[in-house]
Amino acid sequence: MNDDPHGGWPGQDPDPARRPQRPAGPPRRPAGPPPGYGQRQGPGQAPWQRQGPSQQQPPPRRPQRPPVAPQHEPDLITHHEHNGTTDRGYEEPYDDEQYGPETDENGKPILTPAQRKKRRWRRIRRVLLALFCLFVVIPAIAFVITYFAVDVPSPQSVAATQGQAVTYYYADNTEMGKDVPKGGNRQILTPEQIPDIVKKAVIATEDASFETNSGFDIGGILRAVYNQVTAGKGGGSTISQQYIKVASGDDESSLARKWTELAKSFKMNQTYEKKDIIAAYLNIIYFGRGAYGIESAAQAFFGKPAGELNASEAALLAGLIQQPGRSENPKVANERWTVALNRMVQNGFLSAADRANLQFPTPIPQEDKQQAGVVNPFIRDKVKDELAANGITDDVYYRGGYKVYTTIDPKAQAAAEQAVAEGMKGQTDENLLNALVAIDPKTGGVKAYYGGPSIVKGPNGKDQKGRDWANTPQNPGSSMKPFDLTAYMQLGKGGINSTFDGSNNRQFGKQTIRNAGPGSSCSAQCTVSEAMQRSANTVFYDMVVNVTKPGPVAQAAKDAGIKPAPEGVSELYADNNIALGGGKTAISPEDMAAAYATFAAEGQRRDKHFVVKVTNSQDEAAYSAPEEAKPAFADDADKSKQIAGNVTESLKGVIPFSKLKCPNNHECAGKTGTQQHTYRPGEPASAKDANSQTWMVGYTPSISAAVWVGGDGDKALKGKNGKSIFGSTIAGPIWQKFLSLYLNGKPGERFDKVKIIGGDDSNTVPSTQTPPEDEEGSTETGTPSTGPSTGPSSSRNEEDPPSSSKNPPTSSENNEEGGNGPGRGGRGDTE
């Protein structure tokens, strides 16, 4: 039956023109009908397979759109071929503008490639605009605001804040004295009063782009950033920036400070001419020797006005601007002078020919008069070094109005000076020098520091600063043996009850090692403890060469607190000579006192220091010293204590054996040391038995003290009546006197007992041996010198005066360690 009002078969469209037209383009749905289309409706048929007036549209595959009423009956599948592509006419019209774009499974519009590209570039433009505003527009506005908000200080106002005295205090908070800057005339020079060669030297060295930059150098800033990232050297500050930094006194590493500095530098260059800027800089910058400004520096270094400086002198002062705290180091001064001259040539300020003819300008000796109320220069220098390492550098030292609270105990300092004076009384050898350093084992604080006379007569008869012998390394001799024993126990090789052959004249390869006399030798089964008392060289040389090796000995000394270069001045040379403290091994008295303090502190090491705290002119804390302790000889504190306690046990017997005494009611331990003089042709026969360095280092539970008495270099020293000196003849009595004075009235102390290491593992220590008598009543045994030599040399023990009739010196053949010749290091004249 035909239900179509227009007639024809069902599915036929009598009027094709009435059929909705499909938009051009690819089909939006599969061309073919769904499977089963046109079949009779069954229970499982989908709604779109139903026919008749109740026929419904298939579920939408796009956003909901109004249904379109059918205009005809569907074609019968038998009327046309179906190849999967023929348009069957069952799709309804679709318009993107009317119904919106297609969406993905998350409901987001699906964009065309062109739309995606357009959106991506829109985002990039927005990001670039934001970055431009963030890094250009906003900083520019902020810079303008800062520019008008800041002022550039004048050199006169800056000079008023420089050159302030630094006040020092003892450990009991009483005033020690003041360190007053001695920079000479603080006259502010005009640009015309400063020689052009001085300006050119400073510009070439500090800021080659000075004449063209606007207060800051972008290239220099980028180089500084690169150097920081790559751990290189060099900054990016211009002369203008350096002036602002000095003028503000603010060296904080912050973006806010740097920002303000850049604004002030730029404003300075917009306000003043270049000649005024370089003059202002030269009038306030620090050169060393307490000299701020070029006029003060010219007077302090060359004793002349700035207007008379020549090219070589100008180059040295320009070079020292970067390292003013090391102006007295000849090597550093020469290096900085060379750098300045080379840069002057590179920048066309000096011809290569003129550069080749210039000689290094030796500064005048530094006058440092010790006046009442002025702090000891040796203590001052140690404090300044310590402060410089902790942020209060030499160039700001005199600008803070600082108060320095030191660790120096006035009673200990007075005791040290008195003990030295009494110990040296009656000595006639003008080559004898001395030093004494005492350290608190419980804190690491230096209680007393005496480095010899602080003022000496110079070649021209004028007073000049003396040399600090407490900070000068020397061969330690047998005072090195406790570190031999420490390394031996650290490696688990044995302990103080272990035995070695302590007989005299033992052969080690081509090297003959001997003990001094009957008092320093012991049996072929000599315990380490007895060998320490007698200072038997053959035992400790055997221990190091054949058991522990030199490297661990050097490490044990470092563990105890000795600081070799570059951190300190000492030298630990890991060859066989280190066993007996000879050769190139050299240790300063302050390092030796610090290392023995670790034994006194039961194996806990604390860094030696001179400063407790520092406050500025407003009494605000500027620095506080840490007092951290850590086990020195083992990771485990108990093991470190046991090793240190065993060293102490072995050193207790040295005191009576050397005919010294502990203070009343106090236990003490220590070790003497002597370095033999190298005899040279032409010297008197008495020089063959002479010594050049002597030591006494020892401690109680509350104080460690090192005393050195020796010469400036390898000199044949003589005591009273022209006899050789040993560790127990001058240094020992000075040490004993100091402890007696300092500990007088203080409660008695004893060392903690520890389990004995080594040997039969018993908890007993061999009894103290009775010292043999000699013609001076001394029991010192002396150390053989086994340093590099150019020929055979006498090699003998280290502490007892040898008896020429009973035990004449034995000539030793030289091997790789050598003898005691002029090539060895660690003498008094070593820097």
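If you're wondering where the values come from, they're calculated on a predicted model, not measured in any experiment.

Caption draft 1: Examining the sheet that holds strand E5 (residues 403-406) more closely. Pairing within the open sheet is mixed, and its five strands lie in the order E2-E1-E5-E15-E16. Each end of this open sheet is capped by a strand with a single partner; those strands are strand E2 (175-179) and strand E16 (621-624). Each strand axis lies, on average, 20° off the axis of its neighbour in the sheet, ignoring direction. Sheet topology places strand E1 (residues 166-169) next to E5; three bridges connect them, and they run parallel. The residue bridging tyrosine 168 from the neighbouring strand is valine 404, located in E5. Docked against the sheet, helix H13 (residues 377-388) engages E1, E2, E5, strand E15 (611-615) and E16, running at close to 75° with respect to E15.

Caption draft 2: Focus on helix H10 (residues 311-320). The element H10 is extensively covered by neighbouring structure, given that ten of its ten residues are classed as buried. For H10, the full list of buried residues reads Ala311, Ser312, Glu313, Ala314, Ala315, Leu316, Leu317, Ala318, Gly319 and Leu320. Turning to H10, the residues buried within the fold contact helix H4 (196-206), strand E3 (286-288), helix H9 (294-302) and helix H11 (330-346). Capping the start of H10, asparagine 310 holds a side-chain oxygen 3.2 Å from the backbone nitrogen of serine 312, two or three residues further along.

Caption draft 3: Local environment of the sheet that holds strand E19 (residues 691-700). Ordered by their spatial adjacency, five strands build an open sheet running E7-E6-E20-E19-E18, and the pairing between neighbours is antiparallel. Unpaired on one side and paired on the other, strand E7 (446-450) and strand E18 (669-676) mark the two borders of the sheet. Across this sheet, the average inter-strand angle for adjacent strands is 10°, counted without regard to direction. Taken together, the seven bridges between strand E6 (residues 433-439) and strand E20 (residues 703-710) define a ladder with antiparallel strand orientation. Bridge assignment links leucine 433 to a residue of E20, and that residue is glycine 710. Contacts between helix H14 (residues 410-424) and the sheet are confined to E6 and E7, with E7 contributing the most and set at about 35° to the helix.

Caption draft 4: Examining the packing of helix H19 (residues 589-600) against helix H20 (residues 637-652) more closely. Running from amino to carboxyl end, H19 crosses H20 at an angle of 105°, the nearest separation of the two axes being 8 Å. One finds that H19 runs roughly perpendicular with respect to H20. Contacts between H19 and H20 involve Tyr596, Thr598 and Phe599 from the former and Ala644, Val647, Thr648 and Leu651 from the latter. Classifying every residue of the contact of H19 with H20 by side-chain character gives five nonpolar, two polar and no charged.

Caption draft 5: Inspection of the pairing of E18 at higher detail. Of all eight residues that make up E18, eight are buried, and the element is covered over most of its length. Judged by which residues are buried, E18 turns out to be covered on both faces: Ala669, Lys671, Gly673 and Gln675 on one side and Gly670, Thr672, Thr674 and Gln676 on the other are all buried. Summarising the sheet, E18 and E19 pair through eight bridges and their orientation is antiparallel. Residue pairing for E19: glutamine 676 is matched across the bridge by asparagine 691.

Caption draft 6: Representation of the side chain of glutamine 413 in the model. Note on placement: glutamine 413 falls in helix H14. The buried category is assigned to glutamine 413, whose relative accessible area is 6%. Leaving out residues up to four positions away in the same chain, glutamine 413 has contacts with Ile379, Ile408, Lys447, Ala448 and Tyr449.

Caption draft 7: Examining the state of the cysteines more closely. With the rule as written, the count across this model stands at two disulfides. Bridging cysteine 522 to cysteine 526, the disulfide has an S-S length of 2.0 Å. Since a negative S-S torsion denotes a left-handed disulfide, the cysteine 522-cysteine 526 link at about -95° is left-handed. By the burial criterion, cysteine 522 is buried, and cysteine 526 matches it. Between cysteine 662 and cysteine 668 runs a disulfide, and the two sulfur atoms are separated by 1.7 Å.

Caption draft 8: Quick look at the packing of H10 against H11. Where H10 meets H11, the closest approach of the two axes is 7 Å, and the angle between their N-to-C directions is 110°. Of the possible angle classes, the one that applies to H10 and H11 is roughly perpendicular. Handedness of the crossing formed by H10 with H11: right-handed. Taking contact as the criterion, the partners of Ala311, Ser312, Ala315, Leu316, Gly319 and Leu320 in H10 are, on H11, Ala333, Arg336, Trp337, Ala340, Leu341 and Met344. Partitioning the contact of H10 with H11 into residue classes produces nine nonpolar, two polar and one charged.

Caption draft 9: How the structure looks around the pattern of salt bridges. Taken as a whole and assessed by the stated rule, the structure comprises 25 salt bridges. In this structure, lysine 608 engages aspartate 591 in a salt bridge whose closest nitrogen and oxygen atoms are separated by 2.8 Å. Here lysine 608 is found in the loop between strand E14 (604-606) and E15, whereas its partner aspartate 591 is found in helix H19, with 17 residues between them in sequence. Residue class for aspartate 591 comes out buried when judged on its relative accessible area of 3%. What emerges from the salt-bridge pattern is a single network uniting Asp179, Arg380, Asp381 and Lys465.

Caption draft 10: Structural context of the nonpolar core. Ranked by size, the top nonpolar core spans 88 residues in total, and within it Leu387, Tyr449 and Phe483 carry the most contacts. Take this core: its biggest share by element is eight residues, from H19. Among residues more than four places away in sequence, those in contact with leucine 387 are Ile392, Tyr397, Val404, Val611, Val614 and Tyr623. The next biggest cluster of nonpolar side chains, apart from the first, holds 47 residues, and it includes Ile239, Ala247, Ile278 and Phe302.

Caption draft 11: Layout of the packing of aromatic side chains. Summed over the entire model, instances satisfying the criterion amount to 16 aromatic pairs. Taking the centre distance of 5.5 Å and the plane angle of 90° together, the rings of tryptophan 337 and phenylalanine 360 count as edge-to-face. Linking tryptophan 337 in helix H11 with phenylalanine 360 in the loop between helix H12 (352-357) and H13, this pair joins segments that are 23 residues apart in sequence. Since its relative accessible area comes to 6%, tryptophan 337 is described here as buried. Three or more aromatic residues joined by ring pairs form one cluster here, namely Phe483, Tyr596, Phe599, Phe633, Tyr699 and Phe751. When the ring centre of phenylalanine 210 is taken as origin, the NZ or CZ atom of lysine 274, which lies over that ring, is 4.6 Å away. The aromatic ring of phenylalanine 301 is capped on one face by arginine 289, whose charged end is 4.9 Å from the ring centroid.

Caption draft 12: Summary view of the confidence of the model for the protein chain. Scored by pLDDT, the protein chain has a mean of 80; 73% of the residues are at 70 or more. Within the model, the stretch residues 1-14 combines pLDDT values under 50 with 14 contacts to residues more than four positions away or in other chains. In this model, residues 36-55 is a region of pLDDT below 50 whose contacts with residues beyond four sequence positions or in other chains number 18 contacts.

Caption draft 13: Here's a closer look at the side chain of serine 724. As for its placement among the helices and strands, serine 724 is situated in the loop between E20 and helix H22 (727-743). With relative accessibility at 14%, the residue serine 724 sits in the buried group. A polar contact of 2.9 Å, which involves the side chain of serine 724, links it to the backbone oxygen of aspartate 689.

Caption draft 14: Layout of the environment of glutamate 620. Take glutamate 620: it is sitting in the loop between E15 and E16. Judged by relative accessible area, which is 45%, glutamate 620 ranks as partly exposed. Spatially, the C-alpha atom of glutamate 620 lies 9.9 Å from that of lysine 403, the residues being 217 residues apart in sequence. With residues near it in sequence (within four places) discarded, glutamate 620 still touches Val614 and Thr615.

Basis of the calculations
Numbers given for residues are sequential positions, taken from 1 along each chain in its written order. Reporting in this predicted model follows two pLDDT cut-offs: at least 70 for local features of residues, and 80 or more for side-chain atom pairs to be given and counted; totals over whole chains, interfaces and linings ignore these cut-offs and use all residues. Working from all heavy atoms in the structure, the side-chain values ignore hydrogens and water. When DSSP finds two or more bridges between two strands, those strands count as paired. Where helices and strands are cited, they refer to DSSP runs of H or I of at least four residues and of E of at least two residues respectively, numbered from the N terminus. Angular values range over 0 to 180 degrees, each being the angle between N-to-C directions of two axes fitted as lines to C-alpha atoms, with helices fitted over their stretch in contact. Note on contacts: a residue pair is in contact if any heavy atoms of the two residues lie within 4.5 Å. Buried residues are those whose accessible area, probed at 1.4 Å on protein chains only, stays under 20% of the maximum for their type, while exposed residues exceed 50% and partly exposed ones sit between those limits. The term polar contact refers here to a pair of N or O atoms within 3.5 Å; inside protein, the definition further demands a hydrogen-donor-capable atom paired with an acceptor-capable atom, and it admits residues adjacent in sequence only when both atoms are side-chain atoms. Relative orientations are named as follows: roughly parallel for angles under 35 degrees, roughly antiparallel for angles over 145 degrees, roughly perpendicular for angles from 65 to 115 degrees, and oblique for any other angle. In the scheme used here, Gly and all other residues not listed as nonpolar or charged are polar, with Ala, Val, Leu, Ile, Met, Phe, Trp, Tyr, Cys and Pro taken as nonpolar and Asp, Glu, Lys and Arg as charged. Any two cysteine sulfur atoms within 2.5 Å of one another count as a disulfide. In this scheme, a crossing is called left-handed if the near helix is turned counterclockwise away from the far one by less than a right angle; it is called right-handed if the turn is clockwise. Basic side-chain nitrogens of Lys or Arg form a salt bridge, by our definition, when they fall within 4 Å of a carboxyl oxygen of Asp or Glu. In this description, a nonpolar core means a group of buried Ala, Val, Leu, Ile, Met, Phe, Trp, Tyr and Cys residues linked to one another through side-chain atoms lying within 4.5 Å. For Phe, Tyr and Trp, where Trp contributes only its six-membered ring, two rings pair if their centres lie within 6.5 Å, and the inter-plane angle classes them as stacked under 30 degrees, edge-to-face over 60, or tilted in between. Criterion for a charge above a ring: Arg CZ or Lys NZ at most 6 Å from the ring centre, at most 35 degrees from the ring normal. The predictor's confidence in any single residue is recorded as pLDDT, a number from 0 to 100.

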